[in-house]
Amino acid sequence: MTSTVAILMGSDSDFPRLEPCVRTLRDFGVEPVVRVLSAHRTPDEACAFASGARAAGIRVMICAAGGAAHLAGVVAAHTTLPVLGIPMDNPPMGGLDALLATVQMPPGVPVASLAAGGGGPINAALQALRILGVADEAMAAKLEDFRADQRAKVLAKDAKLQQKLAGEA
Ligand code: RP5
């Protein structure tokens, strides 16, 4: 099976926080290529992967790194595929360092940055799926179902809360 999404991470220490990203892609039937490749520690391999990604069938690249997070930017310099950056919320700065390193790209080399921590990994997956959904009607329909399901869940929680508050009044 050809993978259309690649997730690169700077270290295996990032992986536990990226599992929701992998899970979300799988929930939508997308099996990603997942690699530990670092802009600093394995620069040749990271660049080679980025350069060959389009020919390999990849359509969206997700890059996660912490600290001086250059992975997404370096990957974006070696491909014209869309690159989504996940700044990892490492100590001691809680991801602010990685967020700034990921988001402050020079004009001409775009990286779309997600949130540091929390929803970043899941939203990276959903954003990748939305990109695929531009040209894939079946994927777009799955994303509509997801949205409807999410809405129903929140409305059910709201109804429950209203009931609880009415009981207290
Ligand atoms: C970054 O350095 C990685 O993405 C990771 O978040 C951070 C620390 O890496 P390890 O020292 O845990 O391997 O490149």
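Our subject is the structure that appears above.
Residues numbered from 1 in each chain as written. Predicted model: local features only at pLDDT ≥ 70, side-chain atom pairs only at ≥ 80, totals over all residues. Heavy atoms only, no water.

Student: Help me understand the overall build of the protein in this model?
Tutor: Regarding its fold elements, the protein presents six helices and five strands. Ordering the α and β elements of the protein from the N terminus gives β-α-β-α-β-α-β-α-β-α-α. For the protein, the spread of C-alpha atoms along the three principal axes comes to 65 × 40 × 30 Å. Residue burial in the protein is summarised as follows: out of 169 residues, 38% are buried. Pairs at least 24 residues apart make up 68% of the contacts formed inside the protein by residues separated by at least 6 positions. For the protein, the distance from the average position of its 15 positive side-chain charges to the average position of its 16 negative side-chain charges is 3 Å. (Helix = DSSP H or I, 4+ residues; strand = E, 2+ residues; numbered from the N terminus. Buried < 20%, exposed > 50% of the residue type's maximum accessible area, 1.4 Å probe, protein only. Contact = heavy atoms within 4.5 Å. Lys, Arg positive; Asp, Glu negative; His and termini not counted. Charge placed at Lys NZ, Arg CZ, Asp CG, Glu CD.)

Student: Quick question: what am I supposed to make of the pairing of strand β3 (residues 60-65) here?
Tutor: Working note: regular strand, side chains alternate between the two faces of the sheet. The element β3 is extensively covered by neighbouring structure, given that six of its six residues are classed as buried. Judged by which residues are buried, β3 turns out to be covered on both faces: V60, I62 and A64 on one side and M61, C63 and A65 on the other are all buried. In terms of strand pairing, strand β1 (residues 5-9) meets β3 through five bridges, oriented parallel. Bridging across to β3, I7 finds its partner in I62. Relative to strand β4 (residues 83-87), β3 runs parallel, the two sharing five bridges. Of the residues in β4, the one forming a bridge with A65 is P87. The parallel pair β3 and β4, bridged by helix α3 (residues 71-77), forms a crossover whose chirality is right-handed. (Pairing = 2+ DSSP bridges. Right-handed = clockwise from strand over helix to strand, strands pointing away.)

Student: Looking at this model, I keep getting lost on the site of the ligand. Mind explaining?
Tutor: For the ligand, the full set of nearby residues is G10, S11, S13, D14, R41, A65, G66 and N90. A distance of 2.6 Å is found between an oxygen atom of the ligand and a side-chain nitrogen or oxygen belonging to S11. Here an oxygen atom of the ligand sits 2.9 Å away from a polar atom, N or O, in the side chain of N90. For the ligand, whose free accessible area comes to 360 Å², the fraction covered by protein is 69%. Class assignment for the residues of the shell around the ligand results in one nonpolar, five polar and two charged. (Near = heavy atom within 4 Å. Polar contact = N/O pair within 3.5 Å; in protein donor to acceptor, adjacent residues only side chain to side chain. Areas by Shrake-Rupley, 256 points an atom, 1.4 Å probe, with all protein chains shown as cover. Nonpolar A, V, L, I, M, F, W, Y, C, P; charged D, E, K, R; others polar.)

Student: Would you mind showing me how to read the pattern of salt bridges here?
Tutor: Side chains that differ in sign of charge can pair as their charged atoms come close. Within this structure, the stated rule accounts for six salt bridges. Across the salt bridge formed by E144 and R147, the nearest N and O atoms sit 3.2 Å from each other. Of this pair, E144 and R147 both sit in helix α6 (residues 137-168), three residues apart, which is roughly one turn of the helix. What you see here is one network of salt bridges that share partners, running through D14, R17 and D89. (Salt bridge = Lys/Arg side-chain N within 4 Å of Asp/Glu carboxyl O.)

Student: Can you walk me through the sheet that holds β3 in this structure?
Tutor: Hydrogen bonding along the main chain pairs the strands of a sheet, whether they run parallel or antiparallel. Read from one edge of the open sheet, five strands run β2-β1-β3-β4-β5, paired in parallel fashion. Two strands close off the open sheet at either side, each with one partner strand: β2 (33-36) and β5 (112-113). Packed onto the sheet, helix α5 (residues 120-133) meets β1, β3 and β4 and runs at close to 175 degrees relative to β4. (Axes fitted to C-alpha atoms, helices over the stretch in contact; angles between N-to-C directions.)

Student: Explain the nonpolar core here, please?
Tutor: Nonpolar side chains tend toward joint burial in soluble globular proteins. Counting residues in each nonpolar core, the largest one holds 24 residues, and the members touching the most others are L25, I62 and L129. At the level of secondary structure, the elements contributing two or more residues to this core comprise β1, α1 (15-27), β3, β4, α5 and α6. Of the residues forming this core, the biggest block, six residues, is contributed by α5. Those residues within four positions of I62 in sequence are excluded, and the remaining contacts are V5, A6, I7, L8, C21, L25, L84, I86, A124, A125 and A128. (Core = buried A, V, L, I, M, F, W, Y, C linked by side-chain atoms within 4.5 Å.)

Student: Would you take a moment to explain the side chain of T102 for this structure?
Tutor: As for its placement among the helices and strands, T102 is situated in helix α4 (residues 96-103). Residue classification places T102 among the buried positions, given a relative accessible area of 3%.

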